[in-house]
Amino acid sequence: MTITKSQYDHGYHFSGSEKGKISDTGTFDFLVSENADGVPFQLIFGQQIGEGIYLNTGAGVKQLLGISPEDFTEKIFHDMIEEIVPLSDDIPADPIMTRRKFINGEIKNYRAEILVKLPGGGKKWILDTSVPMIDDETGTVTGTMGILYDDTTRKNILEKLVEARKRTDDSENLKAAFLHNISHEIRTPLNAIVGFSTLLEEYPESREKRREYLDIISRSSDHLLEIIDNIVEISKIEAKTVKISREQVNLYKVIRTVYDQFSCIASEKAIVFNYIVPGESDPCIYTDNFKVTQILRNLVSNALKFTMEGRIEFGYTLKDKYIEFHVSDTGIGISSEQQANIFTRFYQGDNTSKRSYGGTGLGLAISKAYVELLGGNIWFTSHNGEGSTFRFTLPKEIAVK
Ligand code: ADP
């Protein structure tokens, strides 16, 4: 016997005289040929859930659930179930309620994802699609017939899609915040350059004023260049086109360069600014001079930006197999909610329009990418209001001086 699609869609009706033939495997011709990957089944309800009888379960149940068709009982199946996710609103997650609704004729089409525990260990998502079996003579629902599918692949794909969608949304939000910040960041130095260039013409005689304005113009140009460099650099990192050079790098010189660059700003803010190096044993290592210097610049510049008073100390120590750098400050610290995100590009702890610290949210993302390209790790410890310490390592490939 073969049933039609319409019979399947509207519940399978059989006459009393067919009951004896219910195990006729032909019953599933339609279903099996329409759904070559599925395992057909026919369940005759018992008094209680778990007391029903499966008839004509397809041989594929062995591969699907690890149980041979002759051993497959409703009790075994129910004991395997860990979770039921109904795929339409009229289907309850609770099997007892579902059974009641089936018997009352309230479910015409059952579709649910079911997580089962497999007898050999492990779990699997299966898709259960079934229709009620209705006795034509009595009009009562006496069971269900349907198909079980392996749903793992579909579920995995769905989960990956949801995850990818979330990542896209996150990155769209970050880009929007970035565009907002970047336009502000670029406008500030640009306005200064344009404004003070105009003022230069108004005080052509005053040497003092001219020097002051030229100084502002020069600092604003440097700042603008830095912002643009950062945007170019993060684009290169994302496009994976960053090149690493390997040269002899004197670590003391790196530390001194960074110290000289920032000591003025530190003393303007009355912050104690120190560096610590191992001294006589200051080594030369093979690495990328520009990138190591840039990582330290980014970390020290942040320390200065987020510290209003106290001290900043940076330097490195020689460990067995690597060199560990550190930058510590007594600044505002990083709250636990912000900690997970601060290496994400464009992320800024204070994303509000009232931002008082400036920046583009790129420094740490670039630093992390550089450290990893150079073969090291970067991490930090921080408490809100109690300062931060950033650390990173580099391989200790000592060069002969
Ligand atoms: P930017 O400094 O341009 O905002 P970064 O990528 O360098 O971008 O830093 C990201 C965020 O991490 C900062 O906005 C800030 O919230 C937090 N942060 C980084 N360094 C420190 C620090 N030393 N103290 C407090 N917060 C910091």
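Computed from a predicted model, the values in this text were never measured in an experiment.

What counts and what doesn't
Residues numbered from 1 in each chain as written. Predicted model: local features only at pLDDT ≥ 70, side-chain atom pairs only at ≥ 80, totals over all residues. Heavy atoms only, no water. Near = heavy atom within 4 Å. Polar contact = N/O pair within 3.5 Å; in protein donor to acceptor, adjacent residues only side chain to side chain. Areas by Shrake-Rupley, 256 points an atom, 1.4 Å probe, with all protein chains shown as cover. Helix = DSSP H or I, 4+ residues; strand = E, 2+ residues; numbered from the N terminus. Nonpolar A, V, L, I, M, F, W, Y, C, P; charged D, E, K, R; others polar. Pairing = 2+ DSSP bridges. Axes fitted to C-alpha atoms, helices over the stretch in contact; angles between N-to-C directions. Contact = heavy atoms within 4.5 Å. Parallel < 35°, antiparallel > 145°, perpendicular 65-115°, else oblique. Left-handed = near helix turned anticlockwise from the far one by under 90°. Buried < 20%, exposed > 50% of the residue type's maximum accessible area, 1.4 Å probe, protein only. pLDDT = per-residue confidence, 0-100.

## Description of the site of the ligand
Then, number 1: Near the ligand there are 20 residues, and of these Asn302, Lys305, Gln348, Gly361 and Leu364 occur at the shortest range.
Then, number 2: One of the backbone nitrogen or oxygen atoms of glycine 361 is found 2.9 Å away from an oxygen atom of the ligand.
Then, number 3: Here an oxygen atom of the ligand sits 3.3 Å away from a polar atom, N or O, in the main chain of glycine 363.
Then, number 4: Relative to its unbound accessible surface of 530 Å², the ligand loses 95% to contact with the protein.
Then, number 5: Residue assignment for the shell around the ligand shows that the elements contributing at least two residues are α9 (289-305), α11 (363-373) and β14 (388-395).
Then, number 6: Examining the composition of the shell around the ligand, we find that three residues originate from one element, α9, more than from any other.
Then, number 7: In terms of residue class, the shell around the ligand is built from nine nonpolar, nine polar and two charged.

## What to know about the sheet that holds strand β9 (residues 272-276)
Then, number 1: The five strands lie next to each other as β9-β11-β12-β14-β13, forming an open sheet whose pairing is mixed. For this open sheet the edge positions go to β9 and β13 (378-382), each flanked by a neighbour on one side alone. Taking the axes of each pair of neighbouring strands and ignoring which way they run, one obtains an average angle of 10° across the sheet.
Then, number 2: With five bridges joining them, β13 and β14 adopt antiparallel strand pairing. Pairing of threonine 381 across the sheet is with threonine 389, part of β14.
Then, number 3: In this fold helix α8 (residues 251-268) packs onto β9, β11 (311-318) and β12 (322-329), with an angle of close to 180° to the strand it touches most, β9.

## Let's talk about the packing of α8 against α9
Then, number 1: With their axes 10 Å apart at the nearest point, α8 and α9 run at an angle of 25° to one another. With respect to α9, the element α8 is oriented roughly parallel. Seen from above, α8 lies across α9 with right-handed handedness. In this structure, α8 contributes Val254, Ile255, Thr257, Val258, Gln261, Phe262, Ile265 and Ala266 to the contact, and α9 contributes Asn289, Val292, Thr293, Leu296, Arg297, Val300, Ser301 and Leu304.
Then, number 2: Along the lines of polarity and charge, the residues of the contact of α8 with α9 split into ten nonpolar, five polar and one charged.

## Side note on the side chain of glutamate 113
Then, number 1: Along the polypeptide, glutamate 113 turns up in strand β5 (residues 110-117).
Then, number 2: For glutamate 113, a relative accessible area of 5% corresponds to the buried category.
Then, number 3: Within the structure, glutamate 113 has its side chain in polar contact with the side chain of lysine 155 (distance 3.0 Å).
Then, number 4: Residues in contact with glutamate 113, not counting those within four places in the same chain, are Glu83, Ile84, Val85, Leu87, Trp125, Ile126, Leu127, Asp151, Arg154 and Lys155.

## Remarks on the confidence of the model for the protein
Then, number 1: In this model, the protein carries a mean pLDDT of 84, and residues with pLDDT of at least 70 account for 87%.
Then, number 2: pLDDT under 50 marks residues 1-6. Its contacts with residues more than four places away, or in other chains, come to 16 contacts.
Then, number 3: Segment residues 16-36 is flagged for pLDDT under 50; beyond a separation of four residues in sequence, or across chains, it makes 43 contacts in the model.

## Let's talk about unusual backbone geometry
Then, number 1: Phi at asparagine 56 takes a positive value of approximately 55°, unusual for a residue other than glycine.
Then, number 2: Structurally, the position occupied by asparagine 56 is in the loop between β3 (53-55) and α3 (61-65).
Then, number 3: With a phi angle near 55°, alanine 270 is a residue other than glycine that sits in the positive phi range.
Then, number 4: Looking at alanine 270, the relative accessible area reads 62%, which means it is exposed.

## Looking at the pairing of strand β2 (residues 39-44)
Then, number 1: The buried fraction of β2 is high, at five of six residues.
Then, number 2: Examined bridge by bridge, β2 and strand β7 (residues 141-150) share six bridges and lie antiparallel to one another. Counterpart to isoleucine 44 in the pairing with β7 is glycine 143.
Then, number 3: Bridge count for β2 against β3 is three bridges, and the pairing is antiparallel. Directly across from leucine 43, in β3, lies its bridge partner tyrosine 54.

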